[in-house]
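Chain by chain, the residues:
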Amino acid sequence: MSAPVRPPRPAAPPLARRPVPVIFERGAPGRVGYSLPQSDVPDVPLDAIIPAAQRRLRPAALPEVSELDVVRHYTALSHRNYSIDEGFYPLGSCTMKYNPKINEDVARQPGIARLHPYQPEELAQGALQLLWELEHDLAEISGMDRVTFQPAAGAHGEMTALLMIRRYFEDRGERRTTVVVPDSAHGTNPASAAIAGFQVIEVKSDRRGNIDLEALRAVLTPEVAALMLTNPNTLGLFEEQIREVARAVHNVGAQLYLDGANFNAILGITRPGDQGFDVMHFNLHKTFTTPHGGGGPGAGAVGVRAHLVPYLPVPTIERDGQRFVLDYDRPKSIGKVRAFYGNFGNLVRAYTYIRSMGAAGLREAAEMAVLNANYMLRRLRDHYDLPYDRVCKHEFVLSGRRQRDRHHVTTKDMAKRLLDYGFHSPTIYFPLIVEEAIMIEPTETESLQTLDAFIDAMTAIAQEAETNPEIVRSAPHETPVTRLDDVTAARKPILRWRP
Amino acid sequence: MKYIPATPAEREHMLRVTGVRAVDDLFADIPREVRLRGPLDLPPAMSDPELLAHARRLAGRNTDCDQLACFLGAGAYDHFIPSTVPHLALKPEFLTAYTPYQAEIMQGELQAIFEYQSLMCELTAMDVANASMYDGASATGEAASMAADLTKRPRILVSTAVHPEYRQVLRTFTSHLRLTVEDLPAPAGITDPAAAERAMADDVAALIIQSPNFFGCLEHGEALARVAHDRGALLVVAIAEPISLGLVRAPGEYGADIVTGEGQALGNALNFGGPYLGMIATRDAFVRRLPGRLVGRTVDTEGRPGYVLTLQTREQHIRRARATSNICTNESLNALVAAVYLSTLGRAGVQHVAELNARKAHYARGRIAALRGYQLAFAAPTFNEFVVRCPLPPEEINRRLLEHRILGGLPLGRFYPELADCWLVCVTETRTRDEIDRLVGYLETLG
């Protein structure tokens, strides 16, 4: 049950305020923090191994620190960092759910972490079996026929998929030059389309927050290679006319691409393959709990329907009786998008998560992610503008334009004020079609008490915007540093330490 | 379900507040025809003890490099990882953090990445490095489009001594653009500057080399830089084994314009090929064309120093279809690993480990080359890898060595049919003289 409502007081995350000097300014000349053996092979002058003309002119000016200096340094930095293990991250479109500890234990076993990518297949049967099973799991969850794990992240997956689509059309003797994205799309969608050599056409959204079907039909020509759609979209709304959209796209022979960033909302409820998508990427670091690592590594698997299978990157993982093998003999493949087989360590974590959850657990995750979001939406809608008033999926988008227009308090100000209350801020100013957007995604792993505390903080900030706007405008106040000067940072970039 | 905290009573309360009767009502906007009718067909859920046992069984079907003496490199290197790396870089405060968009509560991450950028600059002798790319291969692909954009030229020359998978990725990244990629031969194991000069022209954007190259050989960086620069092209240097930079000439010291590389060797586990660490560094003049995130130093409203993501107008979330790259999520944690690794080894340790690699590999190279039937394929100086021609198919040698728990080198035939009798052997600091002598002894009995 929700606790009795007490007006919350700012309680910033317990981050260290003391500045930390850069590692280069610690230590002393001649100090060391490493332990390595002396050479055990016969001594030879270095010149006989590598001629002086090919050796370094000047040693790299690396730190000269003890092991304890290193430990203190990174421990101090870790105390100045917010994380999921510290608190709530209501970041829309990022699915910052809890990262299970067992995933780490499984991934860090020597039998997983100490495998060389080129060791013989016979010595890596467990790894290949895991990948083969994970491919089948993701194919089942998504309704796709096959999955590649080579992409390192979502955007990398987008590019991989678009190159496959390009090759598919070339194979059919069709020249298609254009990719369509809705105006609510993630920035990576148009960027990936451009990098894959396509022109980008943007289509507007309708008043219910769906892609505008008439506007879409108007741009669908035989030049169009694909529509890239996020579903639920970045407003947190399910594309209600998805079947009509799929039909329209397929009618001109184009491919329907799913940006799977928001897959968490529909696990076990509806499958992209059944909705008519031809190809999709998964963000295993969102939906399938692999940790975000402060910005990466991710893992961006791509699933395809049968007609795109010949174009998958090499190698694929095949089962030959009881044996698992890497198959490079795929003449229509787009080739490789990175070395080796993908971010294997993260694939192991995603596999572990799926095995923990099972089919019922995954569905329950989606249901609770959606219930949590609708609960928060219901409790926050009176305090902020709600541009699209519908049942949401795993996330929803509010607007801070009321606070901006009446009190000259921006969404950025309120996001910064949330830091004082001990929360990470939601995603802000995205999607671009909502003014002063505040995009909130609770995920299923947060408790009712956490949701209520966040709601109370958001309510308190809406109140502050009216009664004490200056404290919001000048926020944050309780954090290790106050607002940073982005303008000077970009105008006169200091991007490295110099001796 | 331990990852879903809501109790039945809490669910009821939330449904009531939300104003719906059942969770199903929240999915009414999904057309009935596309909804699943039954549960997904997945293996049953496992409890934690069952799952750990299952994972141990899977891991047990692998043979890992703790169980073998590894002489395999070729872009992934078995180096010693100091205990500081897992204990610091993998702390949950770093592991479970998101991209540091809210700088005020992410100073730890931002400073760590700023320091990583600085360490990369020192190691490569370049002006500026980004916060990371996916891996060495894709970073090299990005460098090609960066060079084409900077020079407005359509041709890329790449040495065949660049890692074959990097070249495959380079082709995937460019095949659909108006960019042609042409191979430069390396018949003596290194890129021939004279051949490079003949291929060079005013429409070439970049010459891409790797040093130490895929064969372990050191390239003539200065001469190749001159060849590129004389015709206004950029020199791109890929570094697959960054430990080498503790000893060999750094790309910035011989005129590289863009340095890419694979940072796995800097404290990252082998991990069956990933996650690894894409590196990219360049000269100050090109900073606004760099792909990916950059951390810069600035001050807060009180004048205190602090760090932010900067120059973001290059990036996809601002510039969308006109961004320098589509990269968003990168490999920050692997960059942090590299930073802890380089800090721990420090100025002396990086030289020490590089020398150990070079000395041990040199010893092994001499011993194997002295065996009857074996000979060095190339004469050029090498760092920690070298190519030998073998009297038996290298695949066969590897099979026999495995019986003695030795993981042999890479048979080159899979990438270079003309080198089917060649074997790429790697010796890092983790190999002992005893292991090298055992390897040599077994080769002798095979011969």
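Not measured: the values here are computed from a predicted model.

Section: the sheet that holds strand β11 (residues 375-376) of chain B
The strands that make up a sheet are held in pairs by hydrogen bonds between backbone atoms, and each pair lies either parallel or antiparallel. Residues and elements named next belong to chain B. With respect to topology, four strands assemble into an open sheet ordered β11-β12-β15-β14, the strand pairing being antiparallel. Looking along the sheet, the strands with just one partner apiece sit at the ends: β11 and β14 (410-411). In this structure, strand β12 (residues 385-389) lies alongside strand β15 (residues 422-426), joined through five bridges in antiparallel fashion. Its bridge partner being in β15, E385 is matched across the sheet by C426.

A word on unusual backbone geometry
All names here are of chain A. The omega torsion across N231 and P232 is -5 degrees, close enough to zero to call that bond cis. Relative to the elements of secondary structure, P232 occurs in the loop between β4 (224-230) and α9 (242-251). With an omega dihedral of 5 degrees, the bond running from G296 to P297 counts as a cis peptide bond. With respect to the helices, strands and loops of the structure, P297 is situated in the loop between β6 (279-282) and β7 (302-304). Here the phi dihedral of F340 falls at roughly 60 degrees; this positive angle occurs in a residue that is not glycine. Within the secondary structure layout, F340 lies in the loop between β9 (323-327) and α11 (344-380). One non-glycine residue, H408, lies in the positive phi region at around 55 degrees. With respect to the helices, strands and loops of the structure, H408 is situated in the loop between α12 (401-407) and α13 (411-420).

Focus on the interface of chain B and chain A
Reports often express the size of an interface as the amount of accessible area lost when the parts come together. Across the contact, 188 residues belong to chain B and 209 residues belong to chain A. Together, Y3(B), F272(B) and R320(B) form the three largest contributors to the area buried by chain B at its contact with chain A, with a combined 6%. Linking chain B with chain A are 14 salt bridges, by the criterion used here. For E364(A), the salt bridge is made with R11(B), and the minimal N-O distance between the two is 2.8 Å. Applying the counting criterion to the chain B and chain A interface returns 102 residue pairs in polar contact (both at pLDDT 80 or more). Per-element accounting of the side of chain B that touches chain A gives the leading share, 25 residues, to helix α11 (residues 332-369) of chain B.

What to know about the nonpolar core
Formed by 311 residues in total, the largest nonpolar core has its most connected members in L138(A), I141(A), F288(A), L398(A), F215(B) and L412(B). A total of 20 residues in this core trace back to one element, the largest contributor, which is α11(A). When residues of this core are sorted by domain, at least three fall in each of domain 1 (69-80 + 346-446) and domain 2 (84-341) of chain B. Setting aside its immediate chain neighbours within four residues, L138(A) contacts V147(A), F149(A), F282(A), L284(A), F288(A), A301(A) and I354(A).

The rules behind each value
- Residues numbered from 1 in each chain as written.
- Chains lettered and ligands numbered in written order.
- Predicted model: local features only at pLDDT ≥ 70, side-chain atom pairs only at ≥ 80, totals over all residues.
- Heavy atoms only, no water.
- Pairing = 2+ DSSP bridges.
- Helix = DSSP H or I, 4+ residues; strand = E, 2+ residues; numbered from the N terminus.
- Contact = heavy atoms within 4.5 Å.
- Buried area = accessible area lost by both parts, 1.4 Å probe.
- Salt bridge = Lys/Arg side-chain N within 4 Å of Asp/Glu carboxyl O.
- Polar contact = N/O pair within 3.5 Å; in protein donor to acceptor, adjacent residues only side chain to side chain.
- Core = buried A, V, L, I, M, F, W, Y, C linked by side-chain atoms within 4.5 Å.
- Buried < 20%, exposed > 50% of the residue type's maximum accessible area, 1.4 Å probe, protein only.
- Domains from an automatic or database assignment.

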